Amino acid sequence: MTEPTTAFRPRILAVANQKGGVGKTTTAINLGTALAAVGRSVLVIDLDPQGNASTGLGIDHHQRKRSAYHVLVGACDAAAATVPTHIPRLDILPSSVELSGSELELIELPTPQLRLRKALAALPAKYDYVLIDCPPSLNLVTVNAMAAADAVLVPLQCEFFALEGLSQLLKTIERVRAALNPHLEIQGIVLTMFDRRNRLSEQVADDVRTHMGAKVYETVIPRNVRISEAPSYGKPALLYDHRCAGSQAYIRLAGELLRRERSRAAAA
Ligand code: ADP
Ligand code: MG
């Protein structure tokens, strides 16, 4: 008897928040590394023209000739632009500066919001997880990420106005869900750069948990200088200093994410 074959599809998570500097790239890099470390095959897609995820994973500029930009405009396949990192089981689709002007080009092309989704449908079957590092904007590139994703993972910095930014982001997710991607979920909200000594950090964390309940991961990423040092060495914090509090928090976050994924799959 032959089993029916089901096309294997990775879980695609868009790491998104329209605010800059809240920990999107740090989360994409370190969560990706932690998932690879526990045996998952991971692709990080750098959709920010600044290319911080590419730099933080040690990708030289000569390895960025084919980038997420070329994939979005249809100039090359996702697989052809993907390069391995120094970390086993972790690949990256790097970014390049051309991404910054890409919106005007994209709207001239067919299905401008679905370019990434279509490109990722042709990915090789080896990936378990795709983490998309979004730009700090709710632009057409971010919409492409949300339209391609199964779920959104939101890093939220524990600071004043965090909730206001969040409600704007949730509205965008709702719009993408209604117009482009009815199955889009919120994987979770991760509180970043948490400072125990700062009362505001505590207050914001409490507020976010009150409003968003179980969507907020139990794991909180502390503010940790080792995390901010790592990118200048072209390494994830997890490789630069795996024992620091920040790295340990990302390992716990990966565990929590995998538990959520397992209970999701069990309920399906
Ligand atoms: P985004 O991608 O949302 O713009 P980044 O991940 O690039 O944010 O983080 C912004 C800056 O804050 C970077 O310099 C990064 O190294 C630093 N950073 C991120 N997370 C932490 C943390 N938990 N502790 C200390 N610095 C952090
Ligand atoms: Mg970034």
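Everything below is about the structure shown above.
All values reported here derive from a predicted model rather than from experimental measurement.

Chemist: A description of the overall build of the protein chain should follow, citing residues and the corresponding values.
Modeler: Helix and strand counts for the protein chain come out as twelve helices and eight strands. Computed over its C-alpha atoms, the radius of gyration of the protein chain comes to 18 Å, within 12% of the 18 Å expected for a compact globule of 268 residues. Across its three principal axes, the protein chain shows a C-alpha extent of roughly 50 × 50 × 40 Å. Counting every position in the protein chain, which comprises 268 residues, the buried fraction comes to 54%. For the protein chain, restricting intrachain contacts to residue pairs at least 6 apart in sequence, the fraction spanning at least 24 positions comes to 79%. For the protein chain, the exposed surface amounts to about 12700 Å²; the carbon and sulfur share of it is 54%. Within the protein chain, one finds 30 positive and 26 negative side-chain charges whose respective centroids are separated by 4 Å.

Chemist: Pulling in residues and values, what's your account of the packing of aromatic side chains?
Modeler: On inspection of all chains with the given rule, the structure shows two aromatic pairs. Look at Phe160 and Phe161: their rings are 4.8 Å apart centre to centre, the planes differ by 50°, and that puts the pair in the tilted class. Judged by its relative accessible area of 56%, Phe160 is exposed. Judged by centre distance (4.9 Å) and plane angle (20°), the rings of Tyr233 and Tyr240 are stacked.

Chemist: Break down the pairing of strand 2 (residues 42–46) for me, citing the residues and quoting the values.
Modeler: Burial analysis of strand 2 places five of its five residues in the buried class, the great majority of the element. Side chains Val42, Val44 and Asp46 of strand 2 all project onto a buried face; the interleaved residues Leu43 and Ile45 project onto the opposite face, where all are buried too. Both strand 2 and strand 4 (residues 90–93) contribute to a ladder of four bridges, which runs parallel. Along strand 4, the bridge assignment pairs Val42 with Leu90. Two strands pair when backbone bridges link them, and strand 2 and strand 5 (residues 129–133) are joined in this way by five bridges, in the parallel orientation. Bridging from a neighbouring strand, Leu43 pairs with Val130 of strand 5.

Chemist: With reference to specific residues and values, describe the site of ligand 1.
Modeler: Taken together, 14 residues surround ligand 1, and among them Gly21, Thr25, Thr26, Pro222 and Asn224 come closest. Within the contact set of ligand 1, an oxygen atom lies 2.9 Å away from a side-chain nitrogen or oxygen of Lys24. With respect to ligand 1, the backbone of Pro222 contributes an N or O atom lying 2.9 Å from a nitrogen atom. When ligand 1 is considered free in solution it has 560 Å² of accessible area, and contact with the protein chains removes 80% of it. Applying the majority rule of atoms within 2 Å of the grid points places ligand 1 in the largest pocket. Secondary structure elements with two or more residues in the shell around ligand 1: helix 1 (24–37), strand 8 (216–222) and helix 10 (225–229).

Chemist: Summarise the nonpolar core; cite the residues concerned and give the values.
Modeler: Among the nonpolar cores identified, the biggest contains 54 residues, and Leu47 and Ile132 are the most heavily contacted of them. At seven residues, the largest contribution of residues to this core is made by helix 7 (residues 140–148). With residues up to four places along the chain from it excluded, the contact list for Ile132 reads Ile12, Leu13, Ala14, Val15, Ile45, Leu47, Leu116 and Ala145. The next biggest cluster of nonpolar side chains, apart from the first, holds 32 residues, and it includes Leu31, Leu35, Leu131 and Leu258.

Chemist: How would you sum up the side chain of Asp195? Please name residues and give values.
Modeler: Assignment of secondary structure puts Asp195 in the loop between strand 7 (185–194) and helix 9 (199–212). Judged by its relative accessible area of 18%, Asp195 falls in the buried class. Looking at Asp195, its side chain comes within polar contact range of the main-chain nitrogen of Arg197, at 3.0 Å.

Chemist: Account for a nonpolar patch on the surface, naming residues and giving values.
Modeler: Together, Phe160, Phe161 and Leu200 make up an exposed nonpolar region whose accessible area comes to about 320 Å². As for its position among the elements, Phe161 is in the loop between strand 6 (151–157) and helix 8 (162–179).

Chemist: Now, about the layout of surface pockets: what can you tell me, with residues and values included?
Modeler: The space that makes up the largest pocket amounts to roughly 570 Å³. If you go around the largest pocket, you meet 31 residues; those closest to its centre are Gly23, Lys24, Thr25, Thr26 and Met193. The set of elements that each furnish at least two residues to the lining of the largest pocket consists of helix 1, helix 2 (52–56), strand 7, strand 8 and helix 10. When residues of the lining of the largest pocket are assigned to their parent elements, the largest contribution, five residues, is made by helix 1.

Analysis parameters
- Residues numbered from 1 in each chain as written.
- Chains lettered and ligands numbered in written order.
- Predicted model: local features only at pLDDT ≥ 70, side-chain atom pairs only at ≥ 80, totals over all residues.
- Heavy atoms only, no water.
- Helix = DSSP H or I, 4+ residues; strand = E, 2+ residues; numbered from the N terminus.
- Rg over C-alpha atoms; globule rule 2.2 N^0.38 Å.
- Buried < 20%, exposed > 50% of the residue type's maximum accessible area, 1.4 Å probe, protein only.
- Contact = heavy atoms within 4.5 Å.
- Areas by Shrake-Rupley, 256 points an atom, 1.4 Å probe, with all protein chains shown as cover.
- Lys, Arg positive; Asp, Glu negative; His and termini not counted.
- Charge placed at Lys NZ, Arg CZ, Asp CG, Glu CD.
- Phe/Tyr/Trp six-rings, centres within 6.5 Å; stacked < 30°, edge-to-face > 60°.
- Pairing = 2+ DSSP bridges.
- Near = heavy atom within 4 Å.
- Polar contact = N/O pair within 3.5 Å; in protein donor to acceptor, adjacent residues only side chain to side chain.
- 1 Å grid on protein atoms, 1.4 Å probe; cavity = no way out; pocket = protein on both sides within 12 Å on 5 of 7 lines; lining within 4 Å.
- Sits in = over half its atoms within 2 Å of the grid points.
- Core = buried A, V, L, I, M, F, W, Y, C linked by side-chain atoms within 4.5 Å.
- Patch = residues over 30% accessible without salt bridge, like charges linked within 9 Å, V, L, I, M, F, W, Y side chains within 5 Å.
- Salt bridge = Lys/Arg side-chain N within 4 Å of Asp/Glu carboxyl O.
- Points joined across faces, edges and corners; volume = space filled by probe spheres on them.

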